[in-house]
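# Analysis of the macromolecular model
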Amino acid sequence: MTEEKAVEIPAEQQRIGTIDRIDLAVVRIPFVQPFGTSVQTWSCKEALLLRLQSGSHVGWGECVADPDPYYLPETTESARYIITRFLLPLLDPGLEMGELARQFRRIRGNQMAKATVENALLQLIALRSGEPLYRILGGTDRRIPSGLSIGLQESIGALLEEVRSAVSRKYHRIKMKIQHGKDLDWVRAVRAEFPELPLMVDANGDYSLADAGHLRRLDDFRLMMIEQPLGYADIYRHSILQKQLETAICLDESIHTLEDAAAAVDLGACRILNIKQGRVGGLLESVRMAAFAAGRKIGVWSGGMDETGIGRALNIHLQAVPGFDLPGDTSETAHYFREDIIDQPVRLDPEGFIPIPPGPGLGVEVIPERLMKYAIAWHRIR
Ligand code: OSB
Ligand code: MG
């Protein structure tokens, strides 16, 4: 296994430092429209938020787990348990981030819970040194290309309306969800109207190897990639399927660690990786995974979990890091929410790019009244 170079945070800034106050909240914010995948349709965003205060600095984590285990096994409640019972007790002020990561490895899996804690700590480190978060990750100031993930629609007509609207807003690529019965004809209709649109599909594991012949017919549509066609934990069968497709496979649900990514790449199970910082245990593992992928000529982009403004900002900072060359699933806030808990909401510039929120740390401010309005639970832990 390749040992990728760790993110280089200057030694004197590596320490976690004293955490004076710790809060956990759960927010529930309605979606503008329900978001459907082959597995589940969600009508609101429920997210566990972690607030770490150190002196005058505040770092936020947003756990990407849903209240249900329909995307991956972790849930809001399982993450809350792991965070409070196993992760927060490890936060010793003298500990350096690298040592914390080693201690986190002893706690198996639970990557979404780990990411929540690590991401909040990284903001504190950034804030103490007065740097934007992306600089701590080794990123450079650049405009981030945008991408939209269009959920399953009722009809092909409704899908075409969604695509037209996204194209008019200058999104750099469009992903459409597919499932059995909503695939070939639906992609064909989009291609007929938009022959040159950078387009991809995401099946969230709806197919099996027996569908290989069916999936091969997608090769006609010059898709950028097909995301997670087979089972969520099935790297091996993706390696068989990839040999039968011209279209690149991109893995999402199957990849939780750098070891998973290396296994998938060595087996030829994918040519592209969707890196969701929450799914792989945080920003630091994401940066390592992107470096590994670059060395193996594997395309990389940042996925999304329809996050609130906190998680959205985290994903944006990550994409300032070298290697995130393909447009990710980072869309405008307004596509999902009428109102968010942070300022400023994500907006595309006239060329469809996303500016990195300015200033030290995350660069977005949580609005206390909004947090109160959407919070369904709040626990002060320290
Ligand atoms: O498969 O990428 C996915 C949302 C929730 C769960 C799984 C997925 C998604 C998305 C939305 O596709 C991406 C986004 O806009 O944040
Ligand atoms: Mg996906």
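Residues numbered from 1 in each chain as written. Chains lettered and ligands numbered in written order. Predicted model: local features only at pLDDT ≥ 70, side-chain atom pairs only at ≥ 80, totals over all residues. Heavy atoms only, no water.

### Some remarks on the coordination of the magnesium ion (ligand 2)
Each protein donor to the magnesium ion (ligand 2) is listed here as Asp202 (OD), Glu227 (OE) and Asp252 (OD); together their distances run 2.1 to 2.3 Å. Spacing between the donor residues of the magnesium ion (ligand 2) along their common chain follows D-x24-E-x24-D. Separated by 50 residues along the polypeptide, aspartate 202 in strand 7 (residues 199-202) and aspartate 252 in the loop between strand 9 (249-251) and helix 9 (258-267) bring together distant segments of the chain. (Donors = N, O, S within 2.8 Å, 3.2 Å for Na, K, Ca; no water. Helix = DSSP H or I, 4+ residues; strand = E, 2+ residues; numbered from the N terminus.)

### What to know about helix 6 (residues 184-193)
Listed as buried for helix 6 are Leu184, Trp186, Val187, Ala189, Val190 and Arg191. Those residues of helix 6 that are buried are in contact with helix 5 (156-168), strand 6 (173-177), strand 7 and helix 7 (212-216). (Buried < 20%, exposed > 50% of the residue type's maximum accessible area, 1.4 Å probe, protein only. Contact = heavy atoms within 4.5 Å.)

### Concerning the pairing of strand 11 (residues 299-302)
Side chains on a regular strand alternate between the two faces of the sheet. Looking at chain direction, strand 10 (residues 272-275) and strand 11 are connected through four bridges and run parallel. For isoleucine 272, the partnering residue across the bridge sits in strand 11 and is glycine 299. At this point the chain moves from strand 10, through helix 10 (residues 283-295), to the parallel strand 11, and the crossover so formed is right-handed. (Pairing = 2+ DSSP bridges. Right-handed = clockwise from strand over helix to strand, strands pointing away.)

### A word on the pattern of salt bridges
Going through the model one piece at a time under the given rule, you end up with 27 salt bridges. Between glutamate 77 and arginine 80 there is a salt bridge whose closest N-O contact spans 2.9 Å. Of the two residues, glutamate 77 and arginine 80 are both situated in helix 1 (residues 76-87); the distance of three residues between them amounts to about one turn of the helix. For glutamate 77, a relative accessible area of 47% corresponds to the partly exposed category. Owing to a relative accessible area of 26%, arginine 80 belongs among the partly exposed residues under this scheme. Within this structure, Arg173, Lys175, Lys177, Asp202, Glu227 and Asp329 form a network of salt bridges that share partners. (Salt bridge = Lys/Arg side-chain N within 4 Å of Asp/Glu carboxyl O.)

### Focus: the side chain of threonine 257
Position of threonine 257 relative to the elements: it lies in the loop between strand 9 and helix 9. Here aspartate 260 takes part through its backbone nitrogen, which lies 3.1 Å from a polar atom of the side chain of threonine 257. Beyond its immediate sequence surroundings of up to four residues, threonine 257 is in contact with Gln111, Glu285 and Met289. (Polar contact = N/O pair within 3.5 Å; in protein donor to acceptor, adjacent residues only side chain to side chain.)

### A look at the environment of arginine 142
Relative to the helices and strands, arginine 142 is located in the loop between helix 4 (133-136) and strand 4 (144-145). Residue classification places arginine 142 among the partly exposed positions, given a relative accessible area of 28%. In this view, arginine 142 contacts Gln319, Ala320, Phe324 and Ile356; residues no more than four positions away in its chain are not counted. Within the structure, the side chain of arginine 142 is placed 2.7 Å from the backbone oxygen of glutamine 319, a separation counted as a polar contact.

### Considering the site of ligand 1
Around ligand 1 there are 15 residues in total, and Ser149, Lys177, Asn204, Asp306 and Tyr336 lie nearest to it. One of the side-chain N or O atoms of aspartate 252 is found 3.1 Å from an oxygen atom in ligand 1. Expressed as a share of its isolated accessible area of 390 Å², the protein-covered part of ligand 1 is 99%. Of all the cavities here, the one that holds ligand 1 is the largest cavity. Of the residues that constitute the shell around ligand 1, the class distribution is four nonpolar, three polar and eight charged. (Near = heavy atom within 4 Å. Areas by Shrake-Rupley, 256 points an atom, 1.4 Å probe, with all protein chains shown as cover. 1 Å grid on protein atoms, 1.4 Å probe; cavity = no way out; pocket = protein on both sides within 12 Å on 5 of 7 lines; lining within 4 Å. Sits in = over half its atoms within 2 Å of the grid points. Nonpolar A, V, L, I, M, F, W, Y, C, P; charged D, E, K, R; others polar.)

### Considering the packing of helix 5 against helix 6
Where helix 5 contacts helix 6, the axes come no closer than 10 Å and their chain directions differ by 40°. For the element pair helix 5 / helix 6, the angle class is oblique. Of the two elements, helix 5 crosses helix 6, and the hand of that crossing is right-handed. When helix 5 is examined against helix 6, the residues Ile156, Leu159, Leu160, Val163 and Arg164 are found in contact with a partner set consisting of Asp185, Trp186, Ala189, Val190 and Glu193. When grouped by side-chain class, the residues that make up the contact of helix 5 with helix 6 number seven nonpolar, no polar and three charged. (Axes fitted to C-alpha atoms, helices over the stretch in contact; angles between N-to-C directions. Parallel < 35°, antiparallel > 145°, perpendicular 65-115°, else oblique. Left-handed = near helix turned anticlockwise from the far one by under 90°.)

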